[in-house]
Each structure stands twice: as structure tokens, then as C-alpha cells.
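# Observations on chain architecture
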Amino acid sequence: MRKGLFCLLWLLAAGGFAQAQTRDELAIRDLLAQQTQTWNAGDLEGFMKSYWQSDSLLFIGKNGISWGWKAALENYRRGYPDTAAMGKLAFDILVVKRLSENYYYVVGRWYLHRVPGDLSGHYDLLLRRVSGRWVIVADHSS
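In this report, the structure presented in the accompanying data block is examined. (Residues numbered from 1 in each chain as written. Predicted model: local features only at pLDDT ≥ 70, side-chain atom pairs only at ≥ 80, totals over all residues. Heavy atoms only, no water.)

### A look at the overall build of the chain
The helix and strand tally for the chain stands at 4 helices and 6 strands. Overall, the chain shows an N-to-C arrangement of helices and strands of α-α-β-β-α-α-β-β-β-β. By the burial criterion, 32% of the 142 residues in the chain qualify as buried. Here the contacts in the chain between residues at least 6 apart in sequence split such that 49% fall between residues at least 24 apart. Of the roughly 8900 Å² of accessible surface on the chain, a fraction of 58% belongs to carbon and sulfur atoms. (Helix = DSSP H or I, 4+ residues; strand = E, 2+ residues; numbered from the N terminus. Buried < 20%, exposed > 50% of the residue type's maximum accessible area, 1.4 Å probe, protein only. Contact = heavy atoms within 4.5 Å. Areas by Shrake-Rupley, 256 points an atom, 1.4 Å probe, with all protein chains shown as cover.)

Following this line, the structure appears as C-alpha cells:
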């Protein structure tokens, strides 16, 4: 009887842990869906709300490494000066991996459909829980 009760309690506790992990993963997937929506609405500032508003934000792109939220926003403004250049964004999330209670790693593919010509590539993101919300602290997009 005790063994059965122990197993039941263990299963309930493990289920609670899995739900907490799933909640975080769902929040991260929602964050990326919100990014897609704001980008597709032509709202770069809204898109950037998913990023850590810090000088320590790391962005790695085709031009190399840049640091800081403001630098990332300015790079996006230069590269995508209007909604025609921005086109329509879509993400395929390939991997969402919990690294710790406060960090997740995400790998995916991005697609940009636009009149000047479609673009696509891959990305990997490091997300951190800051003040109770998930933010992107490092982005490597190619």
C-alpha cells in the first residue's frame, strides 16, 4: 500500500514539474508568435519588445557581432526601412530546450516573403527569465 501511495505521489509531483516546464515553453512559443505578428504589422519597436532591453543583448548576424538593444533596433531599421522591405515573416521552431529554470535555447528557421525577393535562414536564441518574463538575450540569425 505504501509503495503504491509513494508511486502515486511521485507521478503527481513529476506531472506538476512537466506542466511548469510546458508553461514556460508555451510562453516562449507565444513570445515568438507575437514577434511574428508585430513584424508583419510593420512594427519594429513591437518586434523588439521580445528582446532584453540591455546593452548586454548579443546579436550575431551576417555582419558579425553587435551588442545592445538600441544597436539591434538600429540595425533592423537600416535593413528593413519600410513594410515592403520587411515583408511577411514566418518561423518554424525546430528545438525548444530547457537549460535551467531561467534559461531556454531555441533553434528554428525563418522565412521572409517580400516583393524585393524572399529570404530565409536559421536562428538560435538564448532566452532568459528577467523580472518574471522571458526575453531574448542572444540571437544568432543567418
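### Details of a nonpolar patch on the surface
A contiguous nonpolar surface patch, about 260 Å² in accessible area, is contributed by Leu-99, Tyr-103 and Tyr-105. Within the secondary structure, Tyr-103 is located in strand E4 (residues 103-113). Assessed through its relative accessible area of 30%, Tyr-103 is described here as partly exposed. (Patch = residues over 30% accessible without salt bridge, like charges linked within 9 Å, V, L, I, M, F, W, Y side chains within 5 Å. Salt bridge = Lys/Arg side-chain N within 4 Å of Asp/Glu carboxyl O.)

### Details of the environment of Ala-71
Secondary-structure assignment places Ala-71 in helix H3 (residues 69-79). When the C-alpha atoms of Ala-71 and Leu-58 are compared, they prove to be 9.8 Å apart, with 13 residues separating the residues in sequence.

### Some remarks on the sheet that holds E4
Pairing is mixed across the open sheet formed by 6 strands, whose spatial order is E2-E1-E6-E5-E4-E3. Edge positions in the sheet fall to strand E2 (64-67) and strand E3 (88-100), since each of these pairs with one other strand and no more. This sheet shows a mean twist of 25° between the axes of neighbouring strands, independent of strand direction. (Pairing = 2+ DSSP bridges. Axes fitted to C-alpha atoms, helices over the stretch in contact; angles between N-to-C directions.)

### Side note on the nonpolar core
Formed by 27 residues in total, the largest nonpolar core has its most connected members in Trp-39, Met-48, Tyr-51, Tyr-76, Val-106 and Leu-127. Residue contacts for Val-106: discarding those within four places in its chain leaves Ile-28, Leu-32, Ile-93, Val-95, Val-96, Tyr-123, Asp-124, Leu-125 and Leu-127. (Core = buried A, V, L, I, M, F, W, Y, C linked by side-chain atoms within 4.5 Å.)

### Here we look at unusual backbone geometry
Non-glycine residue Ser-131 carries a positive phi angle of around 50°. Tracing the chain through its elements places Ser-131 in the loop between strand E5 (119-130) and strand E6 (133-141). You can call Ser-131 exposed: its relative accessible area is 79%.

### Regarding the layout of surface pockets
Space inside the largest pocket adds up to approximately 770 Å³. Breaking the lining of the largest pocket down by element, the ones donating at least two residues are helix H1 (2-40), strand E1 (58-61), E2, H3, E3, E4, E5 and E6. Residue contributions to the lining of the largest pocket peak at 4 residues, all from H3. When the residues that make up the lining of the largest pocket are grouped by side-chain class, the tally is 16 nonpolar, 9 polar and 3 charged. (1 Å grid on protein atoms, 1.4 Å probe; cavity = no way out; pocket = protein on both sides within 12 Å on 5 of 7 lines; lining within 4 Å. Points joined across faces, edges and corners; volume = space filled by probe spheres on them. Nonpolar A, V, L, I, M, F, W, Y, C, P; charged D, E, K, R; others polar.)

### Overview of the pairing of E3
Consecutive side chains along a regular strand alternate between the two faces of the sheet. When E3 meets E4, the two strands line up antiparallel, connected through 11 bridges. In the sheet register, Leu-89 faces E4, and the bridge partner there is Leu-112. If you look at the hairpin formed by E3 and E4, you'll find 2 residues sitting between the two strands.

### Considering the environment of Leu-112
Tracing the sequence through the fold places Leu-112 in strand E4. In this structure, Leu-112 is in contact with Trp-39, Tyr-80, Ala-85, Met-86, Gly-87, Lys-88, Leu-89, Gly-117, Asp-118 and Leu-119, ignoring residues within four places of it in sequence.

### Some points on the pattern of salt bridges
Following the criterion strictly, the structure yields 4 salt bridges and no others. Across the salt bridge formed by Arg-29 and Glu-25, the nearest N and O atoms sit 3.0 Å from each other. Of this pair, Arg-29 and Glu-25 both sit in helix H1, 4 residues apart, which is roughly one turn of that helix. Using a relative accessible area of 26% as the deciding quantity, one classes Glu-25 as partly exposed. Arg-77 is paired through a salt bridge with Glu-74; the nearest N and O atoms lie 2.7 Å apart. Pair noted here: Arg-77 and Glu-74 are both in helix H3, with a separation of 3 residues, about one helical turn.

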